[in-house]
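# Tertiary structure, described
Listed here are the chains, written in short residue letters.
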Amino acid sequence: LDKMNEFAKQIQYADRRYNNPSDEEDGGPVLLMFNTYSSYLMVEAIQRQLTEATRVLNKALKAAKSINSSGPGIAKDALGVALAASIAADNVSHWRHDTETPEDCKKIGKKIEKLFRDLLWFSDEELGIVDPFTRKAIISKLEEINRDWKRDSSGYGPSFTINVKTAKNGLGLGRFVGV
């Protein structure tokens, strides 16, 4: 949650002309809705966050290929960063509602899709999942994001989809499913 809150603040305060983290003392950020420049800065912040998540994921994938398991830790860290970035991007939706570059929004959707297609390849143990519900909850949240982003009810932003279930990742259930 700390990472998600940190990422959400990075997105909210991306436009420093009007937003300042010290505004929290006065009731929170002053987001300029329907300001395209603010949206552009938010997209840059989200892209940096997703790049960080991809970097951690690539370490986990490399470890998994070399020892046939990433072991607990690396994949779990990658999952945490990817979830934080994705949920923060979903919660602060201005970036996709007011944009002059819908292709950038679609690139973010594709990055999230690729991140989770790769992450969901890992086993529950590698991802630090200890119960039968967490993976399903993650997939459900991603499906909810997909529905919202697909229909984009505002009418202002681009419509795009993310689909994280593949044959390679066991339709989201991990590579060891059915083995």
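Presented here is an overview of the structure given in this document. Bear in mind the structure is a predicted one, so any value in this text is a computation, not a measurement.

## Some words on the pattern of salt bridges
Per the counting criterion, the structure on display carries 11 salt bridges. Note that Glu6 is salt-bridged to Lys3, the shortest N-O span being 3.9 Å. Within this pair, Glu6 and its partner Lys3 are both found in helix α1 (residues 2-12), separated by three residues, close to a single helical turn. For Glu6, a relative accessible area of 37% corresponds to the partly exposed category. The closest approach of N and O atoms between Lys141 and Asp90, which form a salt bridge, is 3.6 Å. A residue pair is termed long-range when its members are at least 10 positions apart, and Lys141 in helix α7 (residues 134-151) and Asp90 in helix α3 (residues 71-91) qualify at 51 residues.

## Quick notes on the packing of aromatic side chains
Enumeration over the complete set of coordinates arrives at two aromatic pairs. Arranged with centres 5.5 Å apart and planes meeting at 85 degrees, the rings of Trp95 and Trp149 form a pair that is edge-to-face. Of this pair, Trp95 sits in helix α4 (residues 94-97) while Trp149 sits in helix α7; the two residues are 54 residues apart in sequence, bridging distant segments of the chain. The pair Trp95 / Trp149 is uniform in exposure class, with both members buried. Taking 5.0 Å as the distance between ring centres and 75 degrees as the angle between the ring planes, the aromatic pair formed by Trp121 and Phe122 counts as edge-to-face. The exposure class assigned to Phe122 is buried, which follows from its relative accessible area of 0%.

How each quantity is defined
Residues numbered from 1 in each chain as written. Predicted model: local features only at pLDDT ≥ 70, side-chain atom pairs only at ≥ 80, totals over all residues. Heavy atoms only, no water. Salt bridge = Lys/Arg side-chain N within 4 Å of Asp/Glu carboxyl O. Helix = DSSP H or I, 4+ residues; strand = E, 2+ residues; numbered from the N terminus. Buried < 20%, exposed > 50% of the residue type's maximum accessible area, 1.4 Å probe, protein only. Phe/Tyr/Trp six-rings, centres within 6.5 Å; stacked < 30°, edge-to-face > 60°.

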